[in-house]
Each structure stands twice: as C-alpha cells, then as structure tokens.
Amino acid sequence: MTEIRKQLIKILSSIELTKTQRNRAIDLYTNVCKTIEEKSGLEISFYAQGSFATKTAIRPYKNGRDQAYDVDVICEVNVPKESIRPEILKEYFRNALKESRYSDIFEEWDKCFTIEFKEQDGVDFSIDIIPSVPEDYKTVQLLTGMTENPHLVRSSVAIPNTLDENNRWITNNPRGYVTWLENEIQQFHSRYLLEKRDNILTASIEELPEIELKNNLLNIIKILK
C-alpha cells in the first residue's frame, strides 16, 4: 500500500460514518417519522436525501471542532398537492411533534423541523424532517419538457416553504438525484472498462472489482467535500 493511499484511508476514517453509526442514524429518523405518522394520522413514505442517501456524508468541521452529522429526511405524505396548503401540512407535523417525546427537542424552520440527538458511539446527529407531497401533474409535465432526463422527473415532490407570509410550494427531487448519480457512476464504470480493454499497454493490469471502483468514486467525493 502506497503512503498516499494510507493517508487517504486515514482521512476517510476520521470523516465518514461507521456502519454502526449509520444504522443508528437510520433508527433515529425512522422512529421520528413513524411517530409523526402515528400522531398525525397521515400516510407517509420517508427516505433520506442528499449525502446520506448517496453515502457521501462527512462530518462537518466548523469553529475549530467537529459538528453533528446532518441527515435530511423527506417525509412524503400521500395527499394530493391541490388538496392541502403548505402551512397546513407544516401544521400537521408541528402538532404531531408537540404531542410526542420529541416535543422539547425539536425546532421549526421554513422548510423543515430539526431534532438534535446527543452523542452516542462518538457522534451527534442533527435530523432534518422535511414535509412534502407528490408534485402535481402540471408541474411534472413542465419539468419533463425542461430536462434531458425526463424519466427522473416523476419522483418530484413539493415542499412547503413558510419563511414569510407568502407560504408557497417549492419543487425538489431527491430520489431523482440519487438515481442520476447512480447512473453517472455506472457510466463511469462502463467507460473505464472499455478503455482498459482497448488500451494494449494496460491490458495486463488487474482491473478493480466493480464494487471497489464504485467505493473509490464515492470516497473521492467525500475527500473533496
């Protein structure tokens, strides 16, 4: 193992989640979301978005110390967008949290509710619960005509933004983003293997297993972050 590779492994071990820590984060947000579903009476599908969903999460460092891992969770309510106002959807979540064991530890923001979980296994977690509903047909059709990847648009959601008196919906597509990234990684694999086969000078070099190549790409993203 080269010295550079050793250094990179050392950096990764200091910034990425262990399997135990990752499982704890999943347990934490699963319990919160199930509690909201029970208290509100809503039918909710919940899933992580962003770096936690793509397995590129790193521990933030600010003001000379490590910060809590941020985990963003989409709570997609099975209600048509046209049948509910943004502020009413937020109200369902607010009331559910007030009636739960999280009543004293949650904070409300314009687009989400944050719950801070204190250190366990060496890690603090900050869980952002983001209410949403499926995006409406008209918006999906509009987005379909604007993108090079129309098949990804169908998973779009609408998120309430209650920053001011002009409560409104904003569009997001976390599932589409994860699918896009996975496709990009797969295309990288394909190009890499094709170049290896076509390059006589490197034909004798042992190819990286696909899973290792994928992990290397994700590790590069973590280090760059």
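The structure this text deals with has already been given above.
Residues numbered from 1 in each chain as written. Predicted model: local features only at pLDDT ≥ 70, side-chain atom pairs only at ≥ 80, totals over all residues. Heavy atoms only, no water.

**Overview of the state of the cysteines**
With the rule as written, the count across this model stands at zero disulfides. Unpaired in this structure, Cys33 has its nearest cysteine sulfur neighbour in Cys75, at a distance of 3.4 Å. Judged by its relative accessible area of 1%, Cys33 is buried. (Disulfide = S-S within 2.5 Å. Buried < 20%, exposed > 50% of the residue type's maximum accessible area, 1.4 Å probe, protein only.)

**A few points about the packing of helix α2 (residues 19-40) against helix α4 (residues 86-98)**
Close contact between α2 and α4 brings their axes to 9 Å; oriented N to C, the two are set at 105°. As the angle between them shows, α2 and α4 are arranged roughly perpendicular. Side by side, α2 and α4 meet where Val32, Ile36, Lys39 and Ser40 of the first sit next to Tyr92, Phe93, Ala96 and Leu97 of the second. Taken together, the residues of the contact of α2 with α4 break down into six nonpolar, one polar and one charged. (Axes fitted to C-alpha atoms, helices over the stretch in contact; angles between N-to-C directions. Helix = DSSP H or I, 4+ residues; strand = E, 2+ residues; numbered from the N terminus. Parallel < 35°, antiparallel > 145°, perpendicular 65-115°, else oblique. Contact = heavy atoms within 4.5 Å. Nonpolar A, V, L, I, M, F, W, Y, C, P; charged D, E, K, R; others polar.)

**Looking at the packing of aromatic side chains**
A complete count under the given rule lists six aromatic pairs for this structure. An angle of 10° between the planes, with centres 6.4 Å apart, marks the rings of Phe93 and Phe113 as stacked. With Phe93 in helix α4 and Phe113 in strand β6 (residues 113-120), this residue pair connects regions lying 20 residues apart in the sequence. Phe93 gets classed as buried once you look at its relative accessible area, which sits at 0%. Pairwise contacts between aromatic rings join Phe93, Phe106 and Phe113 into one cluster. Seen from the ring of Phe52, Arg22 lies directly overhead, with NZ or CZ sitting 4.1 Å from the centre. Its end group placed over the ring of Tyr47, Arg175 keeps NZ or CZ at 3.8 Å from the ring centre. (Phe/Tyr/Trp six-rings, centres within 6.5 Å; stacked < 30°, edge-to-face > 60°. Lys NZ or Arg CZ within 6 Å of the ring centre and 35° of its normal.)

**Quick notes on the pairing of β6**
Summarising the sheet, strand β5 (residues 106-108) and β6 pair through three bridges and their orientation is antiparallel. The residue of β6 that forms the bridge with Phe106 is Ile115. Once β5 ends, the chain turns through four residues before running back antiparallel as β6. One ladder, built from six bridges, connects β6 with strand β7 (residues 123-134); its direction is antiparallel. Paired with Glu116 across the strands is Ser126, a residue of β7. Once β6 ends, the chain turns through two residues before running back antiparallel as β7, passing Asp121 with a positive phi of about 60°. (Pairing = 2+ DSSP bridges.)

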